[in-house]
Every structure is written in structure tokens, then in C-alpha cells.
Amino acid sequence: MIENVHISDLAGHVGSEVTVHGWLHNKRTSGKVAFLILRDGTGLVQVVVSQGEVTPEVWARLEELNYETSLGVTGTVRADPRAPGGHELSLTDLYVVGPSGEDYPIQLKEHGVDFLLEHRHLWLRTPRQVAIMRVRDELIKAIRDFLHERGFVNVDTPILSGAIGESAGTLFSTEYFDLGTAYLAQTGQLYNEALAAALGRVYCFGPTFRAEKSKTRRHLTEFWMLEPEVAWCDSECNMQLQEDLVFYLVARALERCRTELVETLERDISRLESIVPPFPRLSYDEAIAKLRSLGSSIQWGDDLGAEDETQVAQDYERPVFVYNYPKGAKAFYMKENPDDPRTVLCDDLIAPEGYGEIIGGSQREDDYDKLLARIREEKLPEEAYGWYLDLRRYGTFPHSGFGLGLERTVAWICGVQHIRETIAFPRTLKRMYP
Ligand code: NSS
């Protein structure tokens, strides 16, 4: 077994000799003393090497240590409040596990984003990327905690499907044996609706796919979506759940990711501290009126673009709901608004600071005839939706749900401008490597 103490556990070893393994993050020599910074994924530690206290071989070995050499160091743990992490190691021995070339691509200077994306597999080792991945992980845990505390059951919906989940425009398709075309899931929602009739409150959380031809900072072709689906819940109850969830997520990030947010990402957390319920709500009609008063030429019936969302949200510190959009701007499965049949019972939640839509949700059409009419209007292949229509034929029920884009939420909370930094290996129109 490899003898190894994690850097984050050094506090329990003050005064003892331990061995730590990691990668060389930095190196500085000054006369007869050298300072190494080692990174092991749990933290950083400074290793102090005094020429007089190590063998000449070990001293000579320092020469061959380039950035990202992997190595094991043995030394005595000393508490030092000035050191990163609060401890340092006085080295007694050092061995190289894997050398790293002088040509290690990611140096401490600034690199262009294309270069960084081409070296994403190495870029991930840098402190900013590590901080973003830790925040993402904490938010995933928080999402699951929130939903399980409220009695939701996690279900897994298929990635390969014969039914178009959202819209025909952005499908990835593949041949599926003798059965024709399969699509990569744009959403798990339709399957979630079947599961909500079995389990009441469910959620799925996984990768979803959209052949987005647009190159924006908010679009990936593969992204993770959280999708709760709730039986006996209307649009109002749906928005309440979204508000509670988003408040919970921000509070969790502030509680558990303060170091990452403040020290590494330099996020202005006062902006996050002001995210408290209630979130403002604007009907679509009010949003259009506001945009037009600001000089926009947007027409009733148009969907809101990224720029419109920013303008609608600009006066608010909190996320803003825009609800009840025109039918034509939204997906086929949304329930017609009984008070204004030109619109549907839906909402988008727009994050502040220009981050745009992080959630899309709706009450689902539970009337068989209306749903069938919408499927036909949208010219969707009816035969693929027999099972979905059955849910309205056998014990239909009011139900609602939503999709929260994980990467957009992480980008907003971290204050990251482009969502490609919020997923380990982003997939975009122009990139599948690495
Ligand atoms: O298209 S959505 O608005 N809604 C749905 O897919 C529903 N079927 C969800 C549901 O009710 N169960 O997408 C939901 C969210 C949206 O608000 C964004 O935050 C995110 O998913 N989203 C994306 N993130 C990154 N890249 C792309 N291309 C993308 N598309 C949507």
C-alpha cells in the first residue's frame, strides 16, 4: 500500500514525519533553501528543503523538477499560520514518480482561451478550475439534499429516445437497429411525467443534448439538467419550488464554498447574499411592456432573447420569474392558460447580473384532446407519443415540473462569464477534443 497523507489532513500530524504525494505546483530556490509547493487535490502545501538537512542526491534531484512533476515527499509537519493551508513540511526525502517536461503547456502566464480549451485535460489542474469543480460538486449535493428532504425520488430517464422531448430544431440523432431513428435526450421530462404518476414527486438529473448551432456563452451541446416533476402541483406551486430550491442552493454555496468563491474566484458574494425570497414575478405581457418602454422593438408573441432577458432582469438583485408566455414561443406539452388561451402556464427564471435563464418550467397539458391537437400542430410524429398520451387517458392529473441548467447555475454562482468553464470537458459546436 502506498504510504500517503492527504494535504488536507496535515493538521492531525503536526510534529510527525509523513509522506505526501502530489504534483509540483511551484518551485523557488534561494541559496541553500528551496521552497516547493505541492498540490494533491485536497490542498496545497509548502515544502521547505534545506541543503544541510538532505542528502546531496536529494538536493541534486530538485534540478529535474519541472511544473507538474509527480512526486512523493517525506518530511516533518510544522504548523505555520502564514503558510497556505496553515502547515508546511520540512523535507527529509523526496522521490520522483513521473517527470514532467520543461514544455509543460500551461505556465503561470496568461494563455488564450482556445489554447486553454485545447489543453483542457491539463487546464483542469489550475486553482480556478479546481474551485469551479468544487462549487459544482457542492451544488449537486445540495440539489439532492433539498429534494430528498422533501420526499422526492430520484429516477433515471433514458438518453436514447424515439420521442422528441423539446423541439425538432436541436436534435442529435443516430440509427437505432431496425427501429429507425433514435434521438439523444433533450430532456427527461416526458418520462418523468409517467414516473410522477407512479411516485408522486420525482426528479431526474443527468446529461441532456442539444444540437445548438449558436455559439454563445450560455450554450453547450451536452449539459446537465436537474428536472423535478410533481403530481398535484400547479404552475404557482411549481414557481414556489423553484424559488425555494434556488435560495437553498445559493445559501449552501455561501456556507460551504466561501473559500473557493471569495479567495480563488474573487466573486462579489454580497451579490449572492441578496438572493432571498420572494423573487419578483413579471407576466410575459409585463415583460414585453417593459422592454418596449426601454426602446425594444420586440412584438407580443416573440420569445425573449438573451439581451431581452438581461434587460428585463436589470433592475433586480434577485432572480426574476417571467411567466405565461405565448403558446407559439414554447414547447408543445405546456398547459393552456384557462384565463388567456393564447398563452401557456409556464415560467422562466432569469438570474441577475446578466446570467440569463437558469430554469424553464411549466404546468403540463393534462387534457388529452388539447395535447393531441398541440402534437399535431407542431407536426410531431404522433406514433411516438402514444404512451405519453396514455398518461392523459388513464387517470390524468395536474402536474408541473422544471429544468434547471446546472452549468448556467454554476456559472452564475461562481461569477464565471462562459459556461464552458463549468463542466470538465465542454462540448460545443466547434469542440469535441479533448
Ligand atoms: O429547454 S428548457 O428551458 N426546458 C426543458 O428542457 C424542460 N423539458 C425541463 C422540464 O420542465 N423538465 O431547458 C431547461 C434549462 C434552461 O433554463 C437552461 O438553464 C438549460 O436547461 N439549458 C441549457 N444549458 C446549457 N446549454 C444549453 N444548450 C441549454 N439549453 C437549455
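Look above for the structure.
Values in this document were obtained by computation on a predicted structure and should not be read as measured data. (Residues numbered from 1 in each chain as written. Predicted model: local features only at pLDDT ≥ 70, side-chain atom pairs only at ≥ 80, totals over all residues. Heavy atoms only, no water.)

Draft legend 1. Structural context of the site of the ligand. Lining the immediate surroundings of the ligand are 23 residues, of which Glu166, Gln189, Arg210, Glu227 and Glu357 lie closest. With respect to the ligand, the side chain of Glu212 contributes an N or O atom lying 3.1 Å from a nitrogen atom. One nitrogen or oxygen atom from the main chain of Ile358 is found 2.9 Å from an oxygen atom belonging to the ligand. Coverage of the ligand by the protein amounts to 94% of the 630 Å² it exposes when considered alone. For the shell around the ligand, the secondary structure elements donating two or more residues are strand 11 (222-231), strand 15 (356-363) and strand 16 (399-405). Grouping the constituent residues of the shell around the ligand by class yields eight nonpolar, seven polar and eight charged. (Near = heavy atom within 4 Å. Polar contact = N/O pair within 3.5 Å; in protein donor to acceptor, adjacent residues only side chain to side chain. Areas by Shrake-Rupley, 256 points an atom, 1.4 Å probe, with all protein chains shown as cover. Helix = DSSP H or I, 4+ residues; strand = E, 2+ residues; numbered from the N terminus. Nonpolar A, V, L, I, M, F, W, Y, C, P; charged D, E, K, R; others polar.)

Draft legend 2. Broad picture of the side chain of Arg136. Checked against the element boundaries, Arg136 lands in helix 4 (residues 127-149). Reaching out from Arg136, the side chain makes a polar contact with the side chain of Glu407 at a distance of 2.9 Å.

Draft legend 3. The arrangement of the nonpolar core in detail. The biggest cluster of nonpolar side chains holds 49 residues, and the ones touching the most others in it are Val246, Leu261, Leu404, Trp412 and Ile413. Leave out the neighbours within four places in its chain, and Trp412 touches Val246, Val250, Arg267, Leu272, Ile275, Pro319, Ala351, Pro352, Glu353, Tyr355 and Ile358. Grouped together as the second largest cluster of nonpolar side chains are 33 residues, Ile164, Met334, Cys346 and Ile350 included. (Core = buried A, V, L, I, M, F, W, Y, C linked by side-chain atoms within 4.5 Å. Buried < 20%, exposed > 50% of the residue type's maximum accessible area, 1.4 Å probe, protein only. Contact = heavy atoms within 4.5 Å.)

Draft legend 4. View of the environment of Asp302. As for its placement among the helices and strands, Asp302 is situated in the loop between helix 9 (284-293) and helix 10 (306-313). For Asp302, a relative accessible area of 33% corresponds to the partly exposed category. Within the structure, the side chain of Asp302 is placed 3.0 Å from the backbone nitrogen of Gln299, a separation counted as a polar contact.

Draft legend 5. Fine view of the packing of aromatic side chains. Tallied over the full model, the rule gives twelve aromatic pairs. Residues Tyr284 and Tyr325 carry aromatic rings whose centres are separated by 5.3 Å and whose planes lie at 45° to one another, so their mutual orientation is tilted. On the criterion of sequence distance, the pair formed by Tyr284 in helix 9 and Tyr325 in the loop between strand 13 (320-323) and strand 14 (346-351) is long-range, its members being 41 residues apart. Residue class for Tyr325 comes out buried when judged on its relative accessible area of 0%. Chaining the aromatic ring pairs together yields one cluster made of Tyr191, Phe332, Tyr333, Tyr385, Trp387 and Tyr388. Above the plane of the ring of Trp123 lies Arg120, whose end atom (NZ or CZ) is 4.7 Å from the centre. Over the ring of Trp300 we find Arg342, and its NZ or CZ is 4.2 Å from the ring centre. (Phe/Tyr/Trp six-rings, centres within 6.5 Å; stacked < 30°, edge-to-face > 60°. Lys NZ or Arg CZ within 6 Å of the ring centre and 35° of its normal.)

On their own, these measurements won't tell you what the molecule is for.
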